[in-house]
Amino acid sequence: MRKLFGVAAAAVMLVAGAAQAAPQALLCQQKVSNREWVMSEIIFILDDAQGSAQVYDGVIAHFVGKKPITAKLKADGKTVTWDVRVRGGKSARTGTIMYSATFSADRRKVTLYGAPRGYDNSTNVRGTCVEMKDEPGKKRKK
């Protein structure tokens, strides 16, 4: 799968929109082959105070739209789960890919899992995450 195009610009927009409640926005990157269900770049917005999460990557951009989707943040604050409904190119076949991400205590490392529901093939990859911060007053390219 291709690298998420324009992920930095989308992340700045997401962080700016979520800044009121002080959630933590993370950009996580991992090495993947083109046959894996996990993208090389994923954005997570984790709100421990609300116990909520949002996620955005190339799969979501392609099949769902240009906004992050709601995910489940477990009470431990380390595990996020979400599903994405996908549709085959020329076929009318649809399916659901289930995902989970487990973070280290400091959220600098992540293990990602992706698998199409009902099939045996799955992907496990590890990556690193950096916190994304919006810098007030800095001019941004549109």
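Higher on the page you've got the structure.
The structure displayed is predicted, hence computed values, not measured ones.

Participant: Would you explain the pattern of salt bridges in this entry?
Facilitator: Any two side chains of opposite charge can pair, given that their charged atoms come close. Following the criterion strictly, the structure yields 2 salt bridges and no others. Ionic pairing is found between Asp48 and Arg107, a salt bridge with its closest N-O pair at 2.7 Å. Of the two residues, Asp48 is situated in the loop between strand S2 (41-47) and strand S3 (52-57) and Arg107 in the loop between strand S6 (94-103) and strand S7 (109-116); the sequence distance between them amounts to 59 residues. One salt bridge connects Asp83 with Arg117, and the closest N-O pair in it is separated by 2.7 Å. On the criterion of sequence distance, the pair formed by Asp83 in strand S5 (residues 79-87) and Arg117 in the loop between S7 and strand S8 (123-132) is long-range, its members being 34 residues apart.

Participant: Any chance you could explain the packing of aromatic side chains here in plain terms?
Facilitator: Think of a pair of aromatic rings as described by two things: how far the centres are apart, and how the planes are tilted against each other in angle. Per the counting criterion, the structure on display carries 3 aromatic pairs. On the basis of an interplanar angle of 75 degrees and a centroid distance of 5.6 Å, the ring pair of Phe44 and Trp82 is categorised as edge-to-face. Residue Phe44 is found in strand S2, and its partner Trp82 is found in strand S5; the two are separated by 38 residues along the sequence. No difference in accessibility class separates Phe44 from Trp82, as the two residues are buried.

About the cut-offs
Residues numbered from 1 in each chain as written. Predicted model: local features only at pLDDT ≥ 70, side-chain atom pairs only at ≥ 80, totals over all residues. Heavy atoms only, no water. Salt bridge = Lys/Arg side-chain N within 4 Å of Asp/Glu carboxyl O. Helix = DSSP H or I, 4+ residues; strand = E, 2+ residues; numbered from the N terminus. Phe/Tyr/Trp six-rings, centres within 6.5 Å; stacked < 30°, edge-to-face > 60°. Buried < 20%, exposed > 50% of the residue type's maximum accessible area, 1.4 Å probe, protein only.

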